[in-house]
Amino acid sequence: MTLDQTPMPAHAAEDVAMFARPEVRHEGALKVTGAARYTGDHHPAGMLYAACLGSPVAHARITSIDTSAAEELPGVVAVLTGHDVGHVLFGRHLRDMPVLARDRVLFIGQRVAAVAAETREAAEEAVRLIEVDYDDLPAVFDPREALTDGAAVLHPDAASYGTIKGARTPVGHPNVQGELVHGCSEAELEEAFAAADLVVEHTFRTPRQHQGFIEPHGAIVWFEGEICHVVSTNKAPFGLRQQLAAATGHPEDRIVVHNRFIGGDFGGKGFSVDEFVCFYLARKTGRPVRSVMSYVEELSATAPRHAAELVLRTGVRRDGTFVAHSADVVFDGGAFAGAKANADLILHGGFDTMSAYDVPAMRHRVRTIYTNALPGGHMRAPGEVQAVFAGESHVDLIAGELGLDPVDLRRRNLPPRCPLAAEVLDRAAAVLPRPAGRGRGTGLALYRRQGGTGKGGVVVRALGPDRFEVVTGSADQGSGTVTMIARVAAAALGVAEDRIEVVQRSTADALYDAGAGASRVTRVLGDATNVAATELRGRLATATEFPVEVACVVEAPRGEDNPAFGACAVEVTVDELTGEIRVERAVLVADSGTVINPIAHRGQLEGGFAFGLGAALMEELLVEEGQVLAGSLGDYKLPTAPDMPPLEIVTIASGQGLGPFGAKPVGEFGNLGVPPAIANAVERAIGVRLMVLPLTAEAVWTALHGSPSEH
Amino acid sequence: MLLFDYHRPTTVAETAALMAELGEDAELLAGGTSLMNLARLGLAEPAHVIALADVGELGGLDATPDGGLQLGATTTIRHVETSPLVRGRAPGLAEACGHVATVRIRNQATVGGSLVHADPNQDLPPMLMVHDALARITGPNGDRSVPVAELFLGFFETVVQPEEILHSIVVPPPARGFRAGYLKFLPRTKDDYSTVAVAVGLTAEEGRVTAARIAVAGGGSTPLRCTAAERALVGTIPGEATALAEAAALVREALDPISDARGSSGYKREMARVCTTRLLRRLGTEDAG
Amino acid sequence: MASATPRPVRDAIQVTVNGQARSLRTPPARPLLDVLRDDLELTGTKEGCSVGVCGACSILVDGRLMSACLVPVGMVAGREVTTVEGLAGPDGELSRVQRAFLECSGFQCGICTPGQVVAATALLAENPSPTADEVREYMTGNLCRCTGYYSIVRAVLSAAGTSATGDAAKEPA
C-alpha cells in the first residue's frame, strides 16, 4: 500500500495514553554497556586501514605527485591518486567534488591521495611519505569578492557538472553555487516600504561552526563479488547508496548500505567524503577498507555550518506593525556545493528571517557562493540558525527604535488566528522577571519552523497474534527513531510496547527512507508505521496464519504546512570588566503537538539548547586564508557540563501536527532561538548590541571599552 | 605515529644511562598527556621513549622537615590537588592544580611534565613561582637547583639540558602571613586553556604587604613573574584599591601574549590586569592561612 | 655504566583487563585505545578527539580515570585496566550506573556513553553521594553533544541515590 495523502487513523484514547509514560530506549542497554557497534567498531576479516592526504594549499595546480616512497613502506597495500581514480565527481545533489583531486586543489584539506595499509600506523606514515608539488593559483576567500570581476573562478567547468539526478540547471556567475529569490516582486516590496513610517536596516554576520559530534566521519567498504557493501556514519543510507552509484557508476542495486548506530549527526552526517575513496581502495585491493577521520581532518575536510552575511531591511508603522521586509542573505559555500542536499544548492533556512510574523510584503534573496575554503554543509536547522539570529536581533532593534516593548512588538505582528503562537510567546515572556539593574538583562526570541518531508516506508509484521516487528531502513543518529517507531506501532496496534521489536535493516532489506534529517523522521516514518500498524490491526481479527504484514510508504509533500512555534528566553549577567556573558537561567517553550517519546523529546530540547549556547557564545571554526585554525577539540571548544545553566522546558501539547497522533518536529527546535535571545538580553543588560556571532567576551569588552591597546 | 622503543628504567641511574646511550633519539615520558599527543600528530618523532613511571625516586609527595613540600616529578596533578598535606601547607597549590584541564587529565599529567613541557598556558608554573619553588635537576655532573621562575626560556623550552632530568620540586615553607590564590580566566568553557591566568602570593605583617609575588600564565612565550608589580605592592595595605590598581596595570605592561582564538594580545593583557585586581582584592580580604 | 642500561621492552606486556590476565605481544608505544579496540576487540571504549579532551575513551587504570588515547600500552604493564565492558555483573546484569543511565536516558547517540558511564563509576567510587555541581565538575572532561548534560547529571544522581532536587534542568508539572 502506498499513500500520497495519509489519512489520519482514529485511535482510542487508551491506546494514546501510553505516550505519557516515560520511555526506555530500546537500544539503550547496548549503548550503556558499550555493545552498540558504530562504524569504527567493525573490523571485518582482512580489513585494511585507509588514510588520506589533504591539500596544504587553498588553490593550486598539482604539478606532480610522487607516491613511490609510500608504496615501498612495509604494510602498504595500495596508494591511489586522482589519476588512478579518474574524473569521478560526487555530491549529495550537485556532483562537483572529485574523489581525489587530479589537476587542481580548491581548499586546504581536499583529498589528494589515499593509502590502504595493514596497520593504522603504516597508513598514516605512508601518507606522510607522499610528495606533491603545487603551483599556487590566486585564491578567493570572501564570498562578495568572489562575485567581482576578475575574481578567481573555482569551477570553470561548472556548467558541465551533473547532479545525482541528471543535468544541472544553469547559473549566472560561475562562482555562484545557488541563488533563489522568494516573495513578492521588487515593485510590490518598494511600494510597501513607501507606506512605512520607519525603515530600518541591519547587517548581521555568523561564522562557520562545526557540528561537533564525538564520532568523526568513517566508513568501511568491501566487495562480495559484484556487491559493494558499506558501513558508514552516513545517516541517510539510501541517499549514500544513490550518491555512490551516481559517482562510481556501480549499479545502485549492487550497493548495500548497512548503517545502524551513528555517533551524533547534527546535520553533518548526511555528507560522505571517504566512502568514495574507500570504494576505489576496496576495489583495487579486494579487501575491506576502513577509513576513520582524525579530528584534525574532521575539522578541516568535512562540511561545517555555512558562514553568512545577512542584510535585513524592515518597514514598520509607528504603532509597530510590520509592513515590508527584505533580506539579502549570502552564505559562504566553500570550495564545493556537494555537501548540500537540495536541488537549489542554497540553504532554505535563509528565508526564515521573519517567518514567525505576518508581514504583508516580503522578499528574500539567498545565495551560496564558492570560495577557497572547506565546503559549507548542513548543521542543525541549516540557514535558519543564521536567519533567526539576524531576524530576532533585528526585531529587538526595531522595538528599540520605536520605543516599544520587544514582546509587545512581537505580539502585534503574530500571524492572525494563531493562538498557539501567542501562547508560546506569552509562556516564554511570563517566566522572565524584569531586568534588575545594570549588568543583568533578559531577552527572548520567537521562531517558527517547518518540519521536513520526503518519502519513507516501513513494514509492520505480525509474527504471531501478540508479537510484532517493524522493519526500517533508517539509521539512528541518536534521536530515538527505533523507540519512536515501536511506541507508535504499539499505540496503533493497541498492544504493549514490549510486544514490538524494531529491526534496522540494510538498504537491500528495507523500504526506502530519505534518511534522518530536517526533523522529518517522526513525521514520515512515524506516519508510515501508524498507517501500516492500523491496517494490520484490522486484519488481525481474521488472521489465522502468521506472519501477516503491511508495508506502507509515506511521502510527505515538499512544502506541506507543518509549522511549530518555539521560543527561547534567557536571563544573563554581563561582567563589564571582562565582557563575559553568563546565562543565569533559560526557558524553552515548544509547541510540540503530541509527544511520543517524552524523555527523548525533552532530551532534544535540552541538547538543542546546549547546542545553541555553544553557537551563541563560543563556537567559531576560524579559517584564515583558507586554513582552518582549530586542530582539535582542544581548540574548537564545545560546552561542557559545568557550562550549562538551569533550563526549564515548557511543552505545549497542541496535538495539531501532521505527524502520527498529531506529533510535531522537535529535532532542530531547541537551538534556534538561543543566540538571538542571548544577544537581546545582553543589550538590555549593558546597552551593547552585538550583530556578529559568536558573542564572545572579547566582543562584549571591545564594544564597551574600544579596541584593547597593543604593546 | 612512530612506534618508538619503550624503556622502563627503575632508577635514576638507569635512566641517565639510557639517556646517555640514546641521546636525542629519546624522549622522557611521564604521564603521557603531552608526548602521546605530539607523537600521534607526528609533531614528536622519538625513536625511543624512556618511561619514568617505575623510577620510584622521581615520585612521591612529601613534607620537608622545615615545613615545606617536595613534589616528585612524576607525582600527578590530581595527587597534589587532593593531598591533605598540600591543602594544609600550600592551599594555593591545590587550588591551581584543581584548575588543570579535567580530572581525567589530572590523573595522568605530572608535576614534572607540566614544567618541562613548558607550555606557557600551564596552570602549575605560575603558582609554583609565587611559592618561590625550586626545581631540582639531576644530571651527569650532579644535582642543581633552579628557581621555577628561572626555568623557562621560551615556547616549549626550559633550562633543563638534554642529558638532565627534572627530579623534583621543592616548595619552601610559606612565610608567616603568606597567602596565595589563583584566578584562571575561562570565557569559553570550563575545560579550556586559560585566556590568561594569574597567581598571586602575598605576605603581610601588621597590616602591610612585606612581600608579593605575581605570575601569569598565557601572558607571553613563558609563564612570567611580574616583578615590577610585585615591588609596587610592598609596603601597601593588602587589598587597598589604589595600590592594587597600580600593580595590576604593571602586570598588563609586563605581558606580551600571542593573539589566538582565546583572545587578542591586547585583550589578554587587559584581562590579566582585571584578574590581578580581583585576585589582589580577594587576597586582601582573606585571613592569612 | 653501559652494562646498567636495561634493554627496551620486547616481551609480552602482562596486564589485567576487566579482571582477566592478558599477555599482549605488541609494540608498547601503541595507544592503549588502539590495543583495546583492535587487538582485544573491546570496542566499547570509543575514539573521538584522540587528544584527551572528549572523554569517549575514558577507562580506569588501577581504578583511576584516564584517557586510553594518551596511554601507551607499555605504561599499563602490571596494572589493572577496566573498560565499560568490565562494569556489568558476571551474568551481564547492568551496574548501578549503567541502569541509571538507561532509566534516565542519560544518552542519545551513545558514542560518549561508555566514557560517561566509566567516569561516573569513578566519581561514585571517590564520592558516593555527590551534589549536582560536583557531578558536573567531575565530569567536565566527558563531552556530550546530544544531551546538554542534563539527563546525564540526572542519571548520575539517580545512581548515587541522591535526589535530583536542585538539578539544573527542571520541568514544571
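Residues numbered from 1 in each chain as written. Chains lettered and ligands numbered in written order. Predicted model: local features only at pLDDT ≥ 70, side-chain atom pairs only at ≥ 80, totals over all residues.

**Concerning the overall build of chain A**
The test is simple: Each helix corresponds to a stretch of at least 4 residues labelled H or I by DSSP, and each strand to a stretch of at least 2 residues labelled E; elements are numbered beginning at the N terminus. In this description the radius of gyration comes from C-alpha coordinates, and the expected globular size is given by 2.2 Å times residues to the power 0.38. Residues with at least 20 neighbouring C-beta atoms inside 10 Å of their own are called buried, those with 12 or fewer are called exposed, and the rest are partly exposed, where every C-beta is derived from the backbone. Here, residues touch in the contact sense if the C-beta positions derived from the backbone fall within 7 Å of one another.
A tally of helices and strands in chain A yields 18 helices and 30 strands. Here the C-alpha atoms of chain A give a radius of gyration of 26 Å, agreeing with the 27 Å that 2.2 N^0.38 yields for 711 residues. For the C-alpha atoms alone, the extent of chain A along its principal axes is close to 80 × 75 × 50 Å. Looking at the 711 residues of chain A, the share that counts as buried comes to 61%. Contacts in chain A between residues far apart in sequence, at least 24 positions, make up 82% of those at least 6 positions apart.

**Here's the deal with the overall build of chain C**
The secondary structure content of chain C amounts to five helices and six strands. The order of helices and strands in chain C, counted from the N terminus, is β-β-α-β-β-β-α-α-α-α-β. Within chain C, buried positions represent 62% of all 173 residues. For chain C, the share of sequence-separated contacts (at least 6 apart) that also reach a separation of at least 24 residues comes to 57%.

**Focus: the interface of chain A and chain C**
Spelled out, the test is: Amino acid classes used here: Ala, Val, Leu, Ile, Met, Phe, Trp, Tyr, Cys and Pro are nonpolar; Asp, Glu, Lys and Arg are charged; the rest, including Gly, are polar.
Facing 51 residues of chain A, the contacting portion of chain C comprises 48 residues. For the side of chain A that touches chain C, the secondary-structure elements that each account for two or more residues are α2 (28–33), α16 (598–617) and β30 (647–652) of chain A. Residue composition of the side of chain A that touches chain C, grouped by class: 25 nonpolar, 17 polar and nine charged.

**As for the domain arrangement of chain A**
Residue and element names in this part refer to chain A. Test applied: Those domain boundaries reflect an automatic or database domain assignment.
Split by domain assignment, chain A resolves into domain 1 (2–36 + 452–556), domain 2 (39–138 + 221–293) and domain 3 (563–711). Computed over C-alpha atoms, the centres of domain 1 and domain 3 are 33 Å apart. Broken down by secondary-structure element, the contributors of at least two residues to the side of domain 1 that touches domain 3 are α14 (481–493) and α15 (521–540). Element by element, the count of residues in the side of domain 1 that touches domain 3 is highest for α15, at six residues. In terms of residue class, the side of domain 1 that touches domain 3 is made up of six nonpolar, ten polar and four charged.

**Points about the domain arrangement of chain C**
Interface extent is often summarised as the accessible area lost during association of the parts. All names here are of chain C. The assigned domain composition of chain C is domain 1 (9–86) and domain 2 (96–160). Each of domain 1 and domain 2 has a C-alpha centre, and these two points are 21 Å apart. At three residues, strand β3 (residues 58–61) tops the list of elements feeding residues into the side of domain 1 that touches domain 2. Looking at the side of domain 1 that touches domain 2 residue by residue, the classes come out as seven nonpolar, five polar and one charged.

**A word on the packing of helix α10 (residues 241–254) of chain B against helix α11 (residues 265–285) of chain B**
All names here are of chain B. To keep things clear, this is the line we draw: The angle between two axes is taken between their N-to-C directions and runs from 0 to 180 degrees, where each axis is a line fitted to C-alpha atoms and a helix contributes only its stretch in contact. Two helices that cross are described as forming a left-handed crossing if the nearer one is turned anticlockwise from the farther one by less than a right angle, and a right-handed crossing if clockwise.
Contact geometry for α10 and α11: axes closest at 8 Å, N-to-C directions at 150 degrees. Once α10 is placed against α11, the crossing between them reads as right-handed. Contacts between α10 and α11 involve Leu-244, Ala-245, Ala-247, Ala-248, Ala-249, Val-251 and Arg-252 on the former and, on the latter, Arg-269, Glu-270, Ala-272, Arg-273, Thr-276, Thr-277, Leu-280 and Arg-281. Of the residues assigned to the contact of α10 with α11, the class counts are eight nonpolar, two polar and five charged.

**Details of the sheet that holds strand β4 (residues 61–63) of chain B**
Residue and element names in this part refer to chain B. Put simply, the rule is: Pairing between strands is defined by DSSP: at least two bridges between them are needed.
The sheet built from five strands is open, its strands ordered β4-β5-β10-β6-β7 with antiparallel pairing. The strands lining the two open edges of the sheet, one partner per strand, are β4 and β7 (142–147). The average undirected angle you get between the axes of adjacent strands in this sheet is 25 degrees. Across six bridges, strand β6 (residues 134–139) lies against β7 in antiparallel orientation. The residue bridging Ala-135 from the neighbouring strand is Val-146, located in β7.

**Concerning the packing of α16 of chain A against helix α17 (residues 674–686) of chain A**
Residue and element names in this part refer to chain A. Defined as follows: Angle categories: roughly parallel below 35 degrees, roughly antiparallel above 145, roughly perpendicular from 65 to 115, and oblique for all the rest.
Packing of α16 against α17 brings their axes to within 8 Å, and their N-to-C directions diverge by 55 degrees. As far as their axial angle goes, α17 and α16 are oblique. By crossing handedness, the relation of α16 to α17 is classed as right-handed. Taking contact as the criterion, the partners of Phe-609, Gly-612, Leu-613, Ala-615 and Ala-616 in α16 are, on α17, Val-674, Pro-675 and Ile-678. The residue makeup of the contact of α16 with α17, split by class, is seven nonpolar, one polar and no charged.

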